[in-house]
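Architecture and fold: a report
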Amino acid sequence: MASQEDVFKKLIAHCKEYGFVFPSSEIYDGLAAVYDYGQNGVELKNNIKKYWWDSMTLLHENVVGIDAAIFMHPTVWKASGHVDAFNDPLIDNKDSKKRYRADVLIEDLMAKYEEKINKECEKAAKRFGEKFDREMFCQTNPRVLEQKAKLDGLHARYVKAMEANDLAELKQIIVDYEIVCPISGTKNWTDVRQFNLMFSTEMGSTADGAMKVYLRPETAQGIFVNYLNVQKTGRMKIPFGIAQIGKAFRNEIVARQFIFRMREFEQMEMQFFVRPGEEMKWFEHWKQFRLRWHKALGLGDEKYRFHDHEKLAHYANAATDIEFEMPFGFKEVEGIHSRTDFDLSSHEKYSGKNIKYFDPELNESYTPYVIETSIGVDRTFLSIIAAAYTEEQLEGGDSRVVLKLPPVLAPYKVCVMPLVKKDGLPEKAREIMDELKFDYRCAYDEKDSIGKRYRRQDAIGTPFCVTIDHDTLEDNCVTIRHRDTMEQERVPIASLSATIGEAVNMKNLFKKIVNG
Ligand code: ATP
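Residues numbered from 1 in each chain as written. Predicted model: local features only at pLDDT ≥ 70, side-chain atom pairs only at ≥ 80, totals over all residues. Heavy atoms only, no water.

This is how the line gets drawn: UniProt positions are given in the numbering used here, feature names are shortened, and annotations may be inferred rather than shown by experiment.
In the annotation of an unreviewed UniProt entry, the protein chain is listed under the name Glycine--tRNA ligase and assigned to Candidatus Aphodosoma intestinipullorum. The Subcellular location (unreviewed entry) field of the UniProt record for the protein chain holds the comment "Cytoplasm". One UniProt comment on the protein chain, placed under Subunit (unreviewed entry), says "Homodimer."

As structure tokens, this is what we get:
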């Protein structure tokens, strides 16, 4: 069996080979952690964005969208806390000259302890069979207890150091636990330093005093500074939400794992403004709604889990992540945060403007509390394509690679193929395509054997292939072939649109979300 790492490498190669994701500026050897989406990738990405956007703005009459600029007044980032606190603790290994996040090195060690405990349990479970009592085993087995003590001790020191922002203690932990650089294998570390993740540039010419501006590290602030504009011009009443999709930029120290951690990426964020005191109710509501959105894609319910935050960001009073089982373990794809009135109050303070909401029902003004749902387009893309990527052994020793994408997100919905390039079949195929193309993105392929053509469409996840043969000219029927089952059926041309429509209509997913 191929290791997870091998599968991930193959997935990256597949994404490039089939026009989903290319390294940025590849002819110049690429730019670290920056990627371009190709002809198929952009379609998949746009479909993901549409699925999110419509699920927010169609299913909720009190959620509207905006599109704010990437550049914002620099004071925005002072008020949001990003200038002072959007830092990662970094450390360098002097031998390999490699840079790491100190917190990630420590978290990796904690994960190793956990892995050892799990291995002991798995071994014992095999030995004891059905009688195995995991809880009892963990409480009594000396080897597990030893690992558990190490893990607990490390965890306590780590949380305390992170909360106190104690960089010297983070370094000390790395020294005490003898963490080595994975490249050089040595413990020759520099001190831990804070590193701000925001990119900055200058606006205006230097002659008239250029202003330092930042590339936004999150899209949320564009919503906060516009919330009252939208509320007033849209006559919105609390509770209401504002949705936005846009680019965000972070100078990530350790950028790896393909499009999981990028320096330029895209977020889909929704800020939901509520009465103070009602935030927990809405936090719970949006947690459940967002999980249903993910699950409706049909990639497997067991691939998702919530991960509640232990250490809350300075602005939050509750936070959870939706994690997805990536080829490299469960990882965050979305954050749901109860941000209190932190952002709005802070903008009020820094701008000196009154941005309170007048609640006509209570007849009073207050600063709304905010529940935020924040999901990365690229991480969602990765989760979907990773779950979809399947290598299958077929009867007769053949094999195929198929992207089992949710049909609603697939770049092409159907490929139309004349069996041969003559006898009027291409013309008939074009005629069918000319009808379908108004509703569905169609591909046309007349080259090579039908088998090869099927493989090409499998590789990019096209849910249907339609073959036109000589009989079609007589009976107006075609062969429709289903991607996942490879089943073929003979159907009238007139029924094609309905069959495809049933499989790729977003409405079906929305109904699943709403009806649970
Ligand atoms: P992480 O802990 O992985 O750095 P985060 O908690 O800082 O992520 P948020 O600030 O909550 O992330 O951002 C919301 C979402 O934006 C994340 O769930 C993720 O999907 C996406 N995201 C954040 N940083 C990146 C990145 N560097 N590359 C791609 N997507 C990202």
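Anyway, onward from the coordinates.
**A word on the site of the ligand**
The following threshold applies: Neighbouring residues are identified by heavy atoms, a residue being near a molecule or strand if any of them is within 4 Å of it. Throughout this description, a polar contact denotes any pair of N or O atoms lying within 3.5 Å of each other; where both atoms belong to protein, one of them has to be capable of donating a hydrogen while the other can accept it, and for residues adjacent in sequence the pair is counted only when both atoms sit in side chains. In short, Shrake-Rupley with a 1.4 Å probe defines the accessible areas, and a residue's cover is counted only from the protein chains shown. Strands here are runs of E lasting at least two residues and helices are runs of H or I lasting at least four, both read from the DSSP assignment and numbered beginning at the N terminus.
Around the ligand lies a shell of 15 residues, among which Glu252, Arg261, Met262, Glu332 and Val333 are the nearest. At 3.4 Å, a backbone N or O of Phe260 approaches a nitrogen atom of the ligand. For the ligand, a nitrogen atom lies 2.8 Å from a polar atom in the backbone of Met262. Relative to its unbound accessible area of 600 Å², the ligand is 84% covered by the protein chains. No other element matches strand 13 (residues 329-340), which puts 5 residues into the shell around the ligand.

**Some details on the nonpolar core**
The tendency in soluble globular proteins is for nonpolar side chains to be buried as a group. Selection rule: Side-chain atoms within 4.5 Å are what join buried Ala, Val, Leu, Ile, Met, Phe, Trp, Tyr and Cys residues into a set we call a nonpolar core. Burial classification: accessible surface area is computed with a 1.4 Å probe over protein chains only, and a residue below 20% of its type maximum counts as buried, one above 50% as exposed, and the rest as partly exposed.
Within the largest apolar cluster, 68 residues are counted, with the highest numbers of intra-cluster contacts made by Phe20, Tyr51, Trp52, Trp286 and Phe381. A total of 7 residues in this core trace back to one element, the largest contributor, which is helix 13 (residues 377-388). One finds Tyr113, Phe132, Ile179 and Val192 within the second-largest nonpolar core, a separate group that totals 27 residues.

**A look at the pattern of salt bridges**
Inclusion rule: We define a salt bridge as a contact between a side-chain nitrogen of Lys or Arg and a carboxyl oxygen of Asp or Glu at a distance within 4 Å.
Counted under the stated rule, the structure contains 41 salt bridges. Glu264 is the partner of Lys247 in a salt bridge, and the nearest nitrogen-oxygen pair spans 2.8 Å. Here Glu264 lies in strand 10 (residues 264-274) and Lys247 lies in strand 9 (residues 240-249), a separation of 17 residues in the sequence. We classify Lys247 as partly exposed; its relative accessible area is 30%. Among the salt bridges present, the one from Asp448 reaches Lys447, with a minimum N-O distance of 3.8 Å. Classification of Asp448 as partly exposed rests on a relative accessible area of 33%.

**Describing the packing of helix 2 (residues 39-57) against helix 11 (residues 279-295)**
Helix packing geometry: the angle between the two helix axes and the distance between the axes. Our working definition: Only C-alpha atoms enter the line fits that serve as axes; for helices the fit covers just the stretch in contact. Angles between N-to-C directions range over 0 to 180 degrees. Take the far helix as your reference; a near helix turned counterclockwise from it by less than a right angle gives a left-handed crossing, and one turned clockwise gives a right-handed crossing. Residue contacts are counted whenever heavy atoms from the two residues lie within 4.5 Å of one another. Gly counts as polar in this scheme, as do all residues outside two lists: the nonpolar Ala, Val, Leu, Ile, Met, Phe, Trp, Tyr, Cys and Pro, and the charged Asp, Glu, Lys and Arg.
Running from N to C, helix 2 and helix 11 cross one another at 145 degrees; their axes reach a closest spacing of 12 Å. Two packed elements cross with a definite hand, and for helix 2 against helix 11 that hand is right-handed. Residue-level inspection shows Ile48, Tyr51, Trp52, Ser55 and Met56 of helix 2 in contact with helix 11, the latter providing Trp286, Phe289, Arg290 and Trp293. Of the residues belonging to the contact of helix 2 with helix 11, the class tally is 7 nonpolar, 1 polar and 1 charged.

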